[in-house]
Amino acid sequence: MTDATIGSPVARPTRRDIGLKRRYAAERRFRLYGVGAIAIGILFLFALLFSVVSNGYSAFWQTSIRLAINFDPAIIDPQNKRETDPNAIVAANYPQLARDALAKKLGVDTSDRQVSRQLGKMISDGVRTQLRDMVLADPSIIGTTRDVWVLASGDVDSANKGQIDLSVDQARRKVSDQQVKWIGQLNADGTMAKRFNFGLFSFGASSRPETAGVGVAILGSFYMMAIVLVLSLPIGVAASIYLEEFAPRNRLTDIIEVNINNLAAVPSIVYGLLGLAVFIGFMGLPRSAALVGGLVLTLMTLPTIIIATRAALRAVPPSIRSAALGLGASKMQMVFHHVLPLAAPGILTGTIIGLAHALGETAPLLLIGMVAFVVDHPTTPLDPSTALPVQIYMWANEAERAFVERTSGAIIILLVFLAVMNLAAIILRNRFERRW
């Protein structure tokens, strides 16, 4: 029995077994490739987000200095003309008020020009506008002393946030040893603090980073998105309904469908050239206006909305159409009373995704002049404005260190808007979508 067992021949693997092993091995390798690709993509995504957030979170905090400012009439209105001429107090030397208050706080003598110059560089030049607006709003504060939080200069803000290497020689940095000493003194007594930067959301364009914000860009983007929504949604839905439900199947409609699909893949800069030639060159609309930007982005968004709407209409089962027509509904009633409401979730999802795509576009807006230096907030779509991605582009070209965090901060704001829009699309789809 033992000899028979030992001497029995070993079964050799068949060609079928070898083929199965190879297929299973190939399947395992493909799964590993897929997992590796996903891991690499997630790694790059986290690297991007980490870079943006680590450079931009500090933009939401701004260094400010609390000063007891004496609104001295001898500086604001030396000739006492404010009663007869309210504009007499507009051109006063308001930065001197802040400089004197800071010198008094630090206990330094401003008779030395070098010391006075370094004191002036501690405070943002935006203090001129801040104090002037306070006086214009309430002239009774002239002759009184008020505690006012003023913005520190961009270099002082960067030094206070640890973004400047203070160990190098002062000749190689923008803050002197004396200013570093004053920063430490102000921090020690609580006069200097990092406060939430509301100005990032309200200020317009500025050559000074501490007074630069995305307020104009947010308004410009809002106007453009409103124009895109008002124009592209009804036009895109109407075109989709006609092509999908009413248009005859012939050579002309085939050409239209092919061109719509091709337009969705056209580079966005081509739409900018079209807007420059038609809306500005031919129609004479103003440059840098949100109206022109909205029209250009509408042209760019229309193919996306049409394709998404047609897909949503096509997803409605034919039995719905047959049942409506069988009960005596006209084709128009069948489309608008039955098919369109069932396709609405897909239409809304495609529209929001199209708007999110348009919100992040930069190239077409550069060609129609929305890179203008706009300080005042636009009140109508015809006023000069800019957009969030264009503002990011302009700040990225600035040389000052403080604009680096502003650029990343604006990217964070834009990403939040895009995330909210995509989240809204997902919620609407899951809330109203019907599975057949």
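Check the entry above for the structure.
Residues numbered from 1 in each chain as written. Predicted model: local features only at pLDDT ≥ 70, side-chain atom pairs only at ≥ 80, totals over all residues. Heavy atoms only, no water.

Some details on unusual backbone geometry
- With a phi angle near 65 degrees, Ser288 is a residue other than glycine that sits in the positive phi range.
- Here Ser288 lies in the loop between helix 12 (268-282) and helix 13 (290-314). (Helix = DSSP H or I, 4+ residues; strand = E, 2+ residues; numbered from the N terminus.)

Regarding the sheet that holds strand 2 (residues 145-151)
- The antiparallel open sheet is built from three strands, whose spatial order is 2-1-3. Looking at the sheet topology across the chains shown, the edges are occupied by strand 2 and strand 3 (192-196). In this sheet, adjacent strand axes meet at a mean angle of 40 degrees when their direction is disregarded.
- As defined by bridge partners, strand 1 (residues 61-70) adjoins strand 3 across five bridges and the pair is classed as antiparallel. Residue pairing in the sheet places Trp61 in a bridge with Phe196 of strand 3. (Pairing = 2+ DSSP bridges. Axes fitted to C-alpha atoms, helices over the stretch in contact; angles between N-to-C directions.)

A closer look at the environment of Thr362
- You can see Thr362 is positioned in the loop between helix 15 (331-359) and helix 16 (363-367).
- Considering only alpha carbons, one finds Thr362 and Val296, 66 residues apart in sequence, at a separation of 11 Å.
- In this view, Thr362 contacts Pro389, Val390 and Tyr393; residues no more than four positions away in its chain are not counted. (Contact = heavy atoms within 4.5 Å.)

Description of the packing of aromatic side chains
- For the structure shown, the criterion picks out six aromatic pairs.
- Ring geometry for Phe196 versus Phe198: centroids 4.8 Å apart, planes at 70 degrees, classification edge-to-face.
- Between Phe196 and Phe201, the aromatic rings sit 6.2 Å apart at their centres with planes inclined by 15 degrees, giving stacked as the arrangement.
- Members of the aromatic cluster, joined through ring pairs, are Phe60, Trp61, Phe196, Phe198 and Phe201. (Phe/Tyr/Trp six-rings, centres within 6.5 Å; stacked < 30°, edge-to-face > 60°.)

Focus: the pattern of salt bridges
- Per the stated rule, a full pass over the model turns up eleven salt bridges.
- The partner of Asp157 in a salt bridge is Lys161, and the shortest N-O contact between them spans 3.1 Å. Residue Asp157 shares its accessibility class with Lys161, and that shared class is buried.
- For Arg310, the salt bridge goes to Glu257, with nearest N and O atoms at 2.9 Å. Placement of the pair is Arg310 in helix 13 and Glu257 in helix 11 (residues 251-263), with a sequence separation of 53 residues.
- Residue class for Arg310 comes out buried when judged on its relative accessible area of 10%.
- One continuous salt-bridge network, built from bridges that share partners, spans Asp157, Lys161, Glu405 and Arg406. (Salt bridge = Lys/Arg side-chain N within 4 Å of Asp/Glu carboxyl O. Buried < 20%, exposed > 50% of the residue type's maximum accessible area, 1.4 Å probe, protein only.)

Observations concerning the environment of Tyr271
- Within the fold, Tyr271 resides in helix 12.
- In contact with Tyr271, other than residues within four places in its own chain, are Leu263, Val266, Val296, Leu299, Met300 and Pro303.
- Polar side-chain contacts of Tyr271 include one of 2.7 Å to the backbone oxygen of Leu263. (Polar contact = N/O pair within 3.5 Å; in protein donor to acceptor, adjacent residues only side chain to side chain.)

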